[in-house]
Every structure is written in structure tokens, then in C-alpha cells.
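Structural overview for review
Residue-level listing of the chains:
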Amino acid sequence: MIQAMVIEEKCTGCGVCAAICSEVFEMEDALAKVKADPVPESTKEECVEAAESCPVQAIAVTG
Ligand code: SF4
């Protein structure tokens, strides 16, 4: 089981993470928000891909 966290101070609100993994990330007030905690096993790969695709490394994945 993994968990994702958005570091709000870094997030620019580009929307890439939500576009890649809408099961875990959603946009709210121009910032990304984690809506699935913990991350479901079925979306783990997408979640990691989203984190790796964040242009400002604002997503921390743990677990
Ligand atoms: S990809 Fe990164 S910068 Fe873009 S909305 Fe998601 S967390 Fe924010």
C-alpha cells in the first residue's frame, strides 16, 4: 500500500498529475489534491507515473 502527498508550496497547478491519474489526484482551487488515501493497488503504477511526471517534483509517494 502506498500513499501520495502533494507538497502545496511546490505545486503550480499544471494539472499533469490529475490528467495521468484521475483516480488519485484532482484539481481544487488551482492546486492538486490527493483524493485517494491510501492509493488503491490498482492505480499504484499510474500514481507513481504521475508523481514522476510532475514538472516541479511536488508529489511525494511513500510506502
Ligand atoms: S503535476 Fe505537480 S505541479 Fe502539476 S498539478 Fe500535479 S502536483 Fe501540481
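In short, a report on the structure. (Residues numbered from 1 in each chain as written. Predicted model: local features only at pLDDT ≥ 70, side-chain atom pairs only at ≥ 80, totals over all residues.)

**Concerning helix H2 (residues 44-53)**
- Those residues of H2 that fall on the buried side of the exposure criterion are Cys 47, Ala 50 and Ala 51. Angularly, the buried residues of H2 cover 100° about the axis, an arc narrow enough to put them on a single face. Residues Glu 45 and Glu 52 are exposed on H2 and point more than 90 degrees away from its buried face.
- Those residues of H2 hidden inside the fold are in contact with strand S1 (3-6), helix H1 (16-20), strand S2 (25-28) and strand S4 (59-62). (Buried ≥ 20, exposed ≤ 12 C-beta atoms within 10 Å, placed from the backbone. Helix = DSSP H or I, 4+ residues; strand = E, 2+ residues; numbered from the N terminus. Arc of directions from axis to C-beta. Contact = placed C-beta atoms within 7 Å.)

**Comments concerning the site of the ligand**
- The environment of the ligand is made up of 13 residues, and the closest members are Cys 11, Cys 14, Cys 17, Ala 32 and Cys 54.
- Partitioned by chemical class, the residues of the shell around the ligand number 10 nonpolar, 3 polar and no charged. (Near = placed C-beta within 6 Å. Nonpolar A, V, L, I, M, F, W, Y, C, P; charged D, E, K, R; others polar.)

What is shown is where atoms sit, not what they do.
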